[in-house]
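# Report on the structure
Here are the chains, one letter per residue:
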Number of protein chains: 2
Amino acid sequence: MTKRAETDHPVHELIASRWSPYGFSDRAVSRDDLCCLLEAARWAASSYNEQPWSYLIATRDDAEQFQRLLACLVEPNREWAQQASALVITVAARNFSRNGKPNAAAWHDVGLASGNISLEATARGIAVHQMIGILPDVARETFGIPDDHDAVTGLAIGYAADPTSLDDSLRQRDTSPRQRKRLADFVFTARWGQRSPLVE
Amino acid sequence: MTKRAETDHPVHELIASRWSPYGFSDRAVSRDDLCCLLEAARWAASSYNEQPWSYLIATRDDAEQFQRLLACLVEPNREWAQQASALVITVAARNFSRNGKPNAAAWHDVGLASGNISLEATARGIAVHQMIGILPDVARETFGIPDDHDAVTGLAIGYAADPTSLDDSLRQRDTSPRQRKRLADFVFTARWGQRSPLVE
């Protein structure tokens, strides 16, 4: 299944066709592909090249570790994410390693890295569903995440399911159209809320 | 100039070839291209599809607005970013619009959107240099950013300069090799710090 964005301006195919399925098929993502997804994260930009991201990962064939990661998700996410081929908890280092000072960009830069994962996945026909709905305290306790690091998001990684194979609730979510604000609603010039002439 | 990442695993050309120049040429980025970059941001994933990002933008041919944005950068960034074709301040909405509750993913999701901008730019031969080095209070006052929003980063957008046209300091920065931690340093399974067998 594909779910291309209906864009007002042309964008690269990877960006237009990335989406976040709730339904995943049984097909496993290969170890080689997972390495490429993580390699894509590796090359994201970051403030002072700090690379504040870490990834806790398990594949479904490692049932014990997969269940430990699944337990770090809020219950509504566990229901569908248990079908993913791999699960990830992303982690941000709050402070710069070079001087111990707070890194205001830490969570932002985890977003940059995880965005690369999503696009690399899209290029490989794989889907990633990012979730803020995790239990950070459970993740910290389960995996021993240090105090100066934060669990940020969960990632469900797999091949999107054929929607006809899904129950009504998931099928409805996966086949509903993708919607966004318009550029004029969030691109401003001169003053907050003043639509930029560039996007008129 | 290109500056491809030396990857340990293959990644998509857009991800491998994205980089953050300090030197920008005089060539202007077209309005059409800027719209496509912003459109790419529009289609990023976000928690509950909140789309917490906004973009304050000016092009160099709008000298007054360009200078107002330039003044929101820390001084060392102003020196080189003044050569960019367009400047942006990214802004995050701290709370969900649907219920007013804090959105823990706000800064993270601005990162997702800005990452899309960088990759769309790369696809068009354009470069984006993201900066955490901004003056958020100046941005708030200058543009009237509301209290429940945060200025997050600056973006310098343009065509990378021919390094031979740059002074020694910028040329050195733009021609130095790109370096990253190895996957084994940040991809863990079972326990924080325990290298994942997937990336061994």
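Quick note: structure is the one above.
In this report, we go over the structure that sits alongside the text. (Residues numbered from 1 in each chain as written. Chains lettered and ligands numbered in written order. Predicted model: local features only at pLDDT ≥ 70, side-chain atom pairs only at ≥ 80, totals over all residues.)

## Remarks on the environment of B:Thr142
All names here are of chain B. Going by this rule: Elements are defined by DSSP. Helices are runs of H or I of four residues or more, strands are runs of E of two residues or more, and each kind is numbered from the N terminus. Throughout, a pair of residues is in contact if the C-beta atoms placed from their backbones lie within 7 Å.
Along the chain, the position of Thr142 falls in helix H6 (residues 136-143). Taking the C-alpha atoms as reference, Thr142 lies 8.3 Å from Cys72; in sequence the two are 70 residues apart. Residue contacts for Thr142: discarding those within four places in its chain leaves Arg68, Ala71 and Cys72.

## A word on the interface of chain A and chain B
Operational definition: Residues are grouped as follows: Ala, Val, Leu, Ile, Met, Phe, Trp, Tyr, Cys and Pro are nonpolar; Asp, Glu, Lys and Arg are charged; every other residue, Gly included, is polar. What makes two strands pair is DSSP finding at least two bridges between them.
Contacts between the two partners involve 66 residues from chain A and, on the opposite side, 66 residues from chain B. For the side of chain A that touches chain B, the leading source of residues is helix H5 (residues 106-123) of chain A, giving 12 residues. Residue composition of the side of chain A that touches chain B, grouped by class: 39 nonpolar, 18 polar and 9 charged. Bridge count for strand S5 (residues 187-188) of chain A against strand S1 (residues 53-59) of chain B is 2 bridges, and the pairing is parallel. Of the residues in S1(B), the one forming a bridge with A:Val187 is B:Tyr55.

## Observations regarding the sheet that holds strand S3 (residues 127-131) of chain A
How we decide: Simply put, an axis is a line fit to the C-alpha atoms, just over the touching stretch for a helix, and the angle between two N-to-C directions goes from 0 to 180 degrees.
Read across the open sheet, the 5 strands follow the order S3(A)-S4(A)-S2(A)-S1(A)-S5(B); overall the sheet is mixed. Across the chains shown, the open sheet's two edge strands, defined by having one partner strand only, are S3 of chain A together with strand S5 (187-188) of chain B. As paired strands, S3(A) and strand S4 (residues 149-158) of chain A are joined by 5 bridges and run antiparallel to one another. If you follow A:Val128 over to S4(A), its bridge partner there is A:Ile157. The sheet strands contacting helix H2 (residues 31-42) of chain A are strand S1 (53-59), strand S2 (86-93) and S4 of chain A together with S5 of chain B, and the helix crosses S1(A) at an angle near 170°.

## Here's the deal with the sheet that holds S1(B)
Pairing within the open sheet is mixed, and its 5 strands lie in the order S5(A)-S1(B)-S2(B)-S4(B)-S3(B). Looking at strand neighbours, the two that pair on one side only are S5 of chain A together with strand S3 (127-131) of chain B, the edges of this open sheet. Looking at chain direction, strand S2 (residues 86-93) of chain B and strand S4 (residues 149-158) of chain B are connected through 7 bridges and run antiparallel. Counterpart to B:Ala86 in the pairing with S4(B) is B:Ile157. Running at roughly 130° to S1(B), helix H3 (residues 63-70) of chain B makes contact with S1 and S2 of chain B of the sheet.

## Observations regarding the environment of B:Glu75
Residue and element names in this part refer to chain B. What counts, and what does not: Whether a residue is buried, exposed or partly exposed follows from its count of other C-beta atoms within 10 Å of its own C-beta, namely 20 or more, 12 or fewer, or something in between, respectively; the C-beta atoms are built from the backbone.
Position of Glu75 relative to the elements: it lies in helix H4 (residues 75-81). Classification of Glu75 by C-beta neighbours within 10 Å gives exposed; the count is 9. Distance in space between the C-alpha atoms of Glu75 and Gln65 is 17 Å, their sequence separation being 10 residues.

## A look at the pairing of S2(B)
All names here are of chain B. Across the 8 residues that make up S2, a large majority, 8, are buried. Going residue by residue along S2, you find Ala86, Val88, Thr90 and Ala92 tucked away on one face and Leu87, Ile89, Val91 and Ala93 tucked away on the opposite face as well. In terms of strand pairing, S1 meets S2 through 7 bridges, oriented antiparallel. Within S2, the position partnered with Thr59 by the bridge is Ala86.

## Looking at the relation of the copies chain A and chain B
To keep things clear, this is the line we draw: The copies were overlaid with a least-squares fit restricted to C-alpha atoms from residues scoring a pLDDT of at least 70 in each copy.
Of the two same-sequence chains, chain A is brought onto chain B (RMSD 0.0 Å, axial shift 0.0 Å) by a rotation of 180°. Both copies are brought into coincidence by an operation consistent with a two-fold rotation axis. In terms of proximity to the rotation axis, the leading residue of chain A is A:His108, whose C-alpha is 2.0 Å off the axis. An overlap of 100% is found between the interface residues of chain A and their copies at the interface of chain B, pointing to a shared contact surface.

Purely spatial values, then, with no claim about function.
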